[in-house]
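Residue strings, one per chain:
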Amino acid sequence: MRRAALRIGLTGGIGSGKSTVARTLVACGATLVDADAISRAVTAAGGAAVKEIAAQFGDQFITSDGAMDRELMRQLAFTDTSARRRLESIVHPLVSQETLRQYGNAVSAGSACVVFDVPLLVESGRWRQQLEQVLVVDCSEAAQVSRVMARNGWPREAVEKVIAGQASRAQRLSAADLCLYNDGLPLDALDAQVRQLAARFGL
């Protein structure tokens with residue numbers, strides 16, 4: 001009987017460097033299940049969530065090409081908690097379904113380690129029991145703000161609002177089995193630390 005793959009949860013606040021860590025783990029042989037990419041897919045043109053989003057929020061939240069207007073929805077979700085919960089009730093079950101499908105495929109293909117990249121792992125409250133270890137990529141809020149402003153071109157206030165809407169550093173760290181502190185760390189040093197962890201994961 002095929003042994004189930006090691007299930008690692010990967011999370012971190014916006015601008016923490018989580019995506020860079022995920023890419024290195026994949027380069028080491030892990031299979032990545034990217035919850036954020038799945039979420040974008042189900043809200044893209046033709047995605048499974050679009051029809052219900054239009055029904056609950058109105059056609060103004062759908063772009064001319066048939067996708068959810070991510071910028072308009074982001075502005076609403078970070079100012080209206082009930083709207084964010086309604087959106088999550090539409091998107092999260094679809095993401096869970098696809099996540100399980102991709103995990104099953106990884107196990108069938110013989111993957112030794114599946115990394116679940118979940119931005120809201122701590123906030124959701126339902127992921128922890130499905131994972132064997134949680135890896136948190138941590139950094140200071142100042143580093144998050146500067147990275148996202150440079151990467152996305154957002155004003156400081158917009159970045160700070162996103163950070164305020166996510167779990168706090170303390171909450172993420174309290175959920176962590178493993179932590180990478182990525183604050184002022186050169187890329188080659190981060191890469192070396194991730195590869196050390198990969199070896200612990202059997203990669």
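Higher on the page you've got the structure.
This structure is a prediction, so every number in the text was calculated from the model and none was measured.

Quick notes on the rules
- Residues numbered from 1 in each chain as written.
- Predicted model: local features only at pLDDT ≥ 70, side-chain atom pairs only at ≥ 80, totals over all residues.
- Heavy atoms only, no water.
- Pairing = 2+ DSSP bridges.
- Helix = DSSP H or I, 4+ residues; strand = E, 2+ residues; numbered from the N terminus.
- Axes fitted to C-alpha atoms, helices over the stretch in contact; angles between N-to-C directions.
- Salt bridge = Lys/Arg side-chain N within 4 Å of Asp/Glu carboxyl O.
- Buried < 20%, exposed > 50% of the residue type's maximum accessible area, 1.4 Å probe, protein only.
- Core = buried A, V, L, I, M, F, W, Y, C linked by side-chain atoms within 4.5 Å.
- Contact = heavy atoms within 4.5 Å.

Read across the sheet, five strands follow the order E2-E3-E1-E4-E5 without closing on themselves; strand pairing throughout is parallel. Both outer strands of the open sheet, strand E2 (31–34) and strand E5 (178–181), are each paired with one neighbouring strand and no more. Averaged over neighbouring strand pairs, the angle between their axes works out to 20° when direction is ignored. Two strands pair when backbone bridges link them, and strand E4 (residues 133–138) and E5 are joined in this way by four bridges, in the parallel orientation.

Further remarks concern the pattern of salt bridges. Evaluation of the coordinates by the stated rule reveals 10 salt bridges. Here Asp191 and Arg195 are joined by a salt bridge, their closest N and O atoms 2.8 Å apart. Here Arg195 and Asp191 lie together in helix H10 (residues 187–200), a separation of four residues that amounts to about one turn. The partly exposed category is assigned to Asp191, whose relative accessible area is 26%. For Arg195, a relative accessible area of 41% corresponds to the partly exposed category.

This brings us to the pairing of strand E3 (residues 113–117). Buried residues dominate E3, accounting for five of its five residues. By the alternation rule, side chains of E3 split into Cys113, Val115 and Asp117 and Val114 and Phe116, which are all buried. Bridging between strand E1 (residues 6–11) and E3 involves five bridges; their strand directions are parallel. Paired with Leu10 across the strands is Asp117, a residue of E3. The pairing of E2 with E3 spans four bridges and is classified as parallel. Following the sheet pairing, Thr31 is matched in E3 by Val114.

Right, let's get into the nonpolar core. Core analysis: the largest hydrophobic core is formed by 31 residues, its most contacted members being Ile53, Phe57, Met73, Leu87, Val114 and Phe116. Elements with a contribution of two residues or more to this core: helix H2 (35–42), helix H3 (50–57), helix H4 (70–77), helix H5 (81–108), E3 and E4. If you tally residues by element for this core, the top one is H5, at eight residues. What Met73 contacts, discounting residues up to four positions off in sequence, is Ile53, Phe57, Phe61, Met68 and Leu87. In this structure, Leu6, Cys113, Leu135 and Leu178 belong to the second largest nonpolar core, which totals 18 residues.

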